[in-house]
Amino acid sequence: MAEVNELIGGYKLRTLLQTGQTSQVFEVVEPHSNRHFAMKLLLPEASSDAEQRRALFNEAEVGVKLAHQNVIRIFKVNRSPETPHFIMEFFPSGSLRLRLQAKDTKFIREHARKIFKEAATGLAYMNAMGYVHRDVKPDNILVNSLGDTKIIDFAISKKPPTGFARWFHRKQRPQGTPSFMSPEQIRDEILDGRADIYSYACTLYELTTGRKPFTGSTQGDLLSRHFTEKPAPPSMYNKDLTDEFAALIVKLMAKKKTDRPANFHEVLMELRKIKIYKDEKLDADMEGEFPGRSSPESAAKDTPNAECLKCKFKWKVRPTEGLPAKCSKCGAPRNQLRLIADAKQSTKEPPARPDPEPNPEEGGQKIQPSPAANSAPINPDDIDIDSL
Ligand SMILES: Nc1ncnc2c1ncn2[C@@H]1O[C@H](COP(=O)(O)OP(=O)(O)O)[C@@H](O)[C@H]1O
Ligand SMILES: [Mg+2]
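These notes cover the structure that comes with them.

Rules behind the numbers
Residues numbered from 1 in each chain as written. Chains lettered and ligands numbered in written order. Predicted model: local features only at pLDDT ≥ 70, side-chain atom pairs only at ≥ 80, totals over all residues. Near = placed C-beta within 6 Å. Nonpolar A, V, L, I, M, F, W, Y, C, P; charged D, E, K, R; others polar. Domains from an automatic or database assignment. Helix = DSSP H or I, 4+ residues; strand = E, 2+ residues; numbered from the N terminus. Pairing = 2+ DSSP bridges. Core = buried A, V, L, I, M, F, W, Y, C linked by C-beta atoms within 7 Å. Buried ≥ 20, exposed ≤ 12 C-beta atoms within 10 Å, placed from the backbone. Contact = placed C-beta atoms within 7 Å.

Re the site of ligand 1
Right, on to step 1. Taken together, 19 residues lie near ligand 1, and Gln18, Gly20, Val25, Ala38 and Ser95 sit nearest.
Right, on to step 2. The residue makeup of the shell around ligand 1, split by class, is 10 nonpolar, 6 polar and 3 charged.
Right, on to step 3. Counting only domains with at least three residues in the shell around ligand 1, you end up with domain 1 (7-90) and domain 2 (93-354 + 377-388).

Structural data, given as C-alpha cells:
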C-alpha cells in the first residue's frame, strides 16, 4: 500500500481519504505549485489485474471529458504498470453514505433541496454529454458542509451505443449496485439517462427515509423486486415528507422508463414545483428556486434570456437547465419557446463531443451482480456494491 509522504507520479501523498476494495483515494500535493489534488490509485494487488485497470482508466477517460461544477473534475491519468492512478480535483467533503451512516438526518434535511438539485444538475450534464453514470447512489455523491454537491466514481459510466452500433450490443452480466439498479440496467439493456433517474430516485428515497426502497434476503430476491414490487411511498416512513415529493419519487422509479420523466431537466422542473418537507420554508430569497410556484412576473426579475412566442412573456432560465417543457405563464409547449440574445450561448446544452468512445465492454468490474448466482445470503440492511 502507498504511504503518506511517498511521491507517486510527481505528487506527494498527503492524507489517505479512503481505502476501497481495489483502490485508495489520497489527498496529494503537486510540489512545484503546492496545489492540492485527489489521487485515485489502484491497490498493488489490483494494479496488475486487467479488469481493475480498465475500470480505473475508464473512469479517468470519462472524467477528463467532463467539466461541470457538480461533477468531479479529472485532470490526468497515469498508466504506470506499478502505480496506475488518476489525478482529480480535491473536494474536501464526505459522501452521502457517510452522512447516512452517521445518521446525520439533520444535515441531510437542512440541505436536501440543494443536494438533490445539484446532484440532478450534475447528472443532467453527464447525460447531455452522452454518458450514463450507471452507479448513482449515496456513496458516489460528495457533499461538503455547505451542501455543495459533486458526482463521483465513473468506473462503470458509459456512452451508450448509437446508430448501427446498437445492433452489436450483446447482453452481459449486469453491472451496478443492486439496491439502486433500474429494471433495464438489471436486464443489461442499452441504457439512457432514465436509468440514472431511477437510481437517483432510489438515492433520494434512502436519504429521506433512511432505508432503501427494496431489500431482499438474497441478491436475486432483491433484484427481482425492482421488476415486481411497487415501492412504498417514502412518506410512509417519514411523515415529514410531503405527498407530492413521495409521489415524485415513486414516479421516477417507474418500472418502465417511458413512464419516468424524459431527462433530468424535467426532474428538476418537477422538483422545483413541490415542497420536499411539509415545513419547508419558502422565503423571498428562495423564490427563484421555485419558479414553478412563484409568479411568472417574479421569475422574470432577472435579466431575461428566454421568451414565449405565444404570450411574449420573458424570463430567465439557468444555463444548465435550458428551456422548460412549457411556458410558466400561458403553458405554451417548448416548441413555442426560444432563447434570446447572447444568452443563447449559455443556455445551450453542452454538445456531445465526438470523443473516442470508451470500449463499451470496459470498466465497472467492482460490481457484477449475477442474478443467476443468487443464492448468497445478503444482509437486507446492507446491500450495496461493496458487499457483493
Ligand atoms: N475528488 C475527491 N476529493 C475528495 N475525496 C474524494 C474524491 N474522490 C473520492 N473521494 C473519497 O474517496 C471515496 C471513494 O471514492 P470512489 O471514487 O467512490 O471510490 P470507489 O471506487 O472505492 O467506490 C469517496 O467516498 C470520498 O470519501
Ligand atoms: Mg464509489
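Details of the environment of Ser224
Right, on to step 1. As for its position among the elements, Ser224 is in helix H6 (residues 219-228).
Right, on to step 2. Expressed as a C-alpha distance, the spacing of Ser224 and Pro178, which sit 46 residues apart in the sequence, is 9.8 Å.

Notes on the sheet that holds strand S9 (residues 149-151)
Right, on to step 1. Taken in spatial order, the 3 strands of this open sheet run S7-S8-S9, and their pairing is antiparallel. Sheet topology places strand S7 (94-95) and S9 at the edges, where each strand pairs with a single neighbour.
Right, on to step 2. The pairing of S7 with strand S8 (residues 141-143) spans 2 bridges and is antiparallel. Residue Ser95 lies in a different strand from S8, and its bridge partner there is Leu142.

Re the nonpolar core
Right, on to step 1. Core analysis: the biggest nonpolar cluster contains 69 residues, and Ala120, Leu123, Tyr200, Ala201, Ile249 and Leu252 have the highest contact counts within it.
Right, on to step 2. Element by element, the count of residues in this core is highest for helix H3 (residues 105-128), at 11 residues.
Right, on to step 3. Three or more residues apiece are contributed to this core by two domains, here domain 1 (7-90) and domain 2 (93-354 + 377-388).
Right, on to step 4. Residues contacting Ala201, with those up to four places away along its chain left out, are Ile249, Leu252 and Met253.

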